[in-house]
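Tertiary structure, described
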Amino acid sequence: MAQVRNAHVIGFYDKPPFLSAADWETVKRRGDAAIKKWIDDNLYGSSVTVVLIGAETYTRPWVRYEIEESYKKGNGLLGVTLHNINDPQSGRDYAGPNPFSLVKDNKNAPLSSSVPVYDWINGDGRNNIGNWIENAVRQAGR
């Protein structure tokens, strides 16, 4: 995930587009209420939520919460799979299940049926993530 966060292909506005793992660890130690507040605060003023999808993303309850809250807020949504990124320490990860399948839309269909998921490597994420985000903005009508 750090390779995507550190690719510097998305402009910075009033806050960084991707939240750091260190920030997450600090908030996590404060408990569930602090985590919810942190997620809600970071969603405030946002128009798109990008979910970086690794092998274990599907199992993370706070990812589900962020997707649910983003959907309720009307954010554009998209996923980016990371399984093809080569990590010098751990090699390549395997593709995990789509976390958007855990959340239902207003018609009780899984969000995975309407939220696009792109592959960072095979989809040339470094050059295309801006377009993917713009597409999500348009799809959300923002």
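Quick look at the structure, then. (Residues numbered from 1 in each chain as written. Predicted model: local features only at pLDDT ≥ 70, side-chain atom pairs only at ≥ 80, totals over all residues. Heavy atoms only, no water.)

1. Some thoughts on the packing of aromatic side chains
Quick note on the threshold: Side-chain rings of Phe, Tyr and Trp, where Trp is taken by its six-membered ring, are said to pair if the distance between their centres is within 6.5 Å; with planes under 30 degrees apart they count as stacked, over 60 as edge-to-face, and otherwise as tilted. A run of H or I in DSSP becomes a helix once it reaches four residues, and a run of E becomes a strand once it reaches two; helices and strands are each numbered from the N terminus. Partly exposed residues are those whose accessible area sits between 20% and 50% of the maximum for their type, while under 20% is buried and over 50% is exposed, using a 1.4 Å probe and protein chains only.
One pass over the structure, following the stated rule, counts two aromatic pairs. An angle of 80° between the planes, with centres 5.8 Å apart, marks the rings of Trp 62 and Tyr 65 as edge-to-face. Taken together, the positions of Trp 62 and Tyr 65, both in helix H4 (residues 61-73) and three residues apart, correspond to about one turn of that helix. Its relative accessible area of 19% is what places Trp 62 among the buried residues.

2. Considering the nonpolar core
What counts here: Definition used in this section: a nonpolar core is a set of buried Ala, Val, Leu, Ile, Met, Phe, Trp, Tyr and Cys residues joined via side-chain atoms within 4.5 Å.
The biggest cluster of nonpolar side chains holds 13 residues, and the ones touching the most others in it are Val 48, Val 50, Leu 78, Val 80 and Ile 133. Those elements that place two or more of their residues in this core are strand S1 (48-53), strand S2 (76-81) and helix H5 (125-140). Here the element with the most residues in this core is H5; it accounts for five residues. Counting nine residues, the second largest nonpolar core, distinct from the first, contains Ile 53, Val 63, Leu 77 and Leu 111.

3. Observations regarding the side chain of Ser 70
The condition is simple: Whether two residues are in contact is decided by their heavy atoms: any pair within 4.5 Å suffices.
Along the chain, Ser 70 turns up in helix H4. Ser 70 sits in the buried class, given a relative accessible area of 0%. Every residue in contact with Ser 70, bar those within four places of it in the chain, is listed here: Leu 43, Thr 49, Asn 75 and Leu 77.

4. Notes on the layout of surface pockets
The line we're drawing: A 1.4 Å probe that fits but cannot get out identifies a cavity on a 1 Å grid over protein atoms alone, an open set with protein on both sides within 12 Å along at least five of seven lines counts as a pocket, and a residue lines either if it has an atom within 4 Å of a point. Grid points are joined across faces, edges and corners, and a volume is the space filled by probe spheres set on the points. Residue type decides the class: Asp, Glu, Lys and Arg count as charged, Ala, Val, Leu, Ile, Met, Phe, Trp, Tyr, Cys and Pro as nonpolar, and the leftover types, Gly among them, as polar.
In this structure, the second largest pocket spans a volume of roughly 190 Å³. Only S2 and H5 provide two or more residues apiece to the lining of the second largest pocket. No other element matches the three residues that H5 contributes to the lining of the second largest pocket. Of the residues that constitute the lining of the second largest pocket, the class distribution is seven nonpolar, five polar and one charged.

5. Description of helix H3 (residues 32-43)
Threshold: Given a helix with a known number of residues, its expected span is that number minus one, times 1.5 Å. This arc describes the spread of directions from the helix axis toward the C-beta atoms.
Its 12 residues give H3 an end-to-end C-alpha distance of 17 Å, which sits within 8% of 16 Å, the value for a rise of 1.5 Å per residue. For H3, the set of buried residues is Ile 35, Trp 38, Ile 39 and Leu 43. Viewed end-on, H3 has its buried residues packed into an arc of 130°, placing them on one side of the element. For H3, exposure combined with an orientation more than 90 degrees from the buried face picks out Ala 33 and Lys 37. Packing partners of the buried residues in H3 comprise helix H2 (21-28), S1 and H4.

6. As for the side chain of Thr 49
To be explicit about the condition: Two N or O atoms form a polar contact when they lie within 3.5 Å of each other; inside protein one atom must be a possible hydrogen donor and the other a possible acceptor, and for residues adjacent in sequence the pair counts only when both atoms belong to side chains.
For Thr 49, the position within the fold is in strand S1. Judged by relative accessible area, Thr 49 falls into the buried class, the value being 3%. Looking at Thr 49, its side chain comes within polar contact range of the side chain of Ser 70, at 2.7 Å. Those residues in contact with Thr 49 that lie beyond four places of it in its chain are Leu 43, Glu 66, Ser 70, Asn 75, Gly 76, Leu 77 and Leu 78.

7. Some remarks on unusual backbone geometry
For Asn 108, which is not glycine, the phi torsion reads 65° and is therefore positive. Along the chain, Asn 108 turns up in the loop between S2 and strand S3 (117-119). Look at Asp 124: it is not a glycine, yet its phi comes out positive at around 55°. Locating Asp 124 in the fold gives a position in the loop between S3 and H5.

Note that every value here comes from positions in space, so none of it alone points to a role or purpose.
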